[in-house]
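Read off the chains here:
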Amino acid sequence: MLKCIIIDDEELARSLLKSYVKKLDFLDSKGEFENPLEAISLLKTETIDVIFLDIQMPQLKGTSQEYITIKSGYDLHKVKLADIQFIKSDSEYVTFYFDDKKIMSYQTLKSLEGSLPSTVFMRVHRSYIVNKDKVTGLKGRDLLLGEITISVSDSYYENVKNELFL
């Protein structure tokens, strides 16, 4: 018996998949979800063998994103997500920090946060988003990215600790 879940933002698609799953005696449905963020808690506690996943949804997409285009003034920069260390907000601007350069862009951190994959990036402060793969430690309330120290605010601390260090 294979445990499965259905994740699709369209009710009709979920219903259709649910009817197919019921017809197959080797599938055991463990739930259906409107978006992938709802399914995360189940996936953390239960082993699922098959996920029927819509690849194009508002909250999270199934197709992996490797690059982002950053508009800075009149210039466009295509950068690998993996190369971004962290992103810092300064009012209506954000600065993308890399090993060897910085790129400033006119946008808010809140608007940017929704377009970044949560599998790679995490908000840790009102003014900071970090690349999870660049995090090397947590010292008190400071997140370490190699030699770089970024303060974690109280409202994000538990989430940071649980997601990155437990």
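Parameters and conventions
- Residues numbered from 1 in each chain as written.
- Predicted model: local features only at pLDDT ≥ 70, side-chain atom pairs only at ≥ 80, totals over all residues.
- Heavy atoms only, no water.
- Helix = DSSP H or I, 4+ residues; strand = E, 2+ residues; numbered from the N terminus.
- Buried < 20%, exposed > 50% of the residue type's maximum accessible area, 1.4 Å probe, protein only.
- Contact = heavy atoms within 4.5 Å.
- Areas by Shrake-Rupley, 256 points an atom, 1.4 Å probe, with all protein chains shown as cover.
- Arc of directions from axis to C-beta.

(A) Spatial organisation of the overall build of the protein chain. Of the regular secondary structure elements, the protein chain holds four helices and 13 strands. A principal-axis box enclosing the C-alpha atoms of the protein chain has dimensions of 55 × 40 × 25 Å. Burial analysis of the protein chain (166 residues in total) assigns 35% to the buried set. Expressed as a percentage of contacts within the protein chain between residues at least 6 apart in sequence, the contacts between residues at least 24 apart total 47%. Of the roughly 10600 Å² of accessible surface on the protein chain, a fraction of 50% belongs to carbon and sulfur atoms.

(B) Fine view of helix H2 (residues 36–45). Considered for burial, the residues of H2 that qualify are Pro36, Ala39 and Leu42. The arc that holds the buried residues of H2, viewed along the axis, is 105°, so those residues lie on one side. The exposed set on the far side of H2, more than 90 degrees from its buried face, consists of Lys44 and Thr45. Against strand S1 (2–7) and strand S2 (27–33) lie the buried residues of H2.

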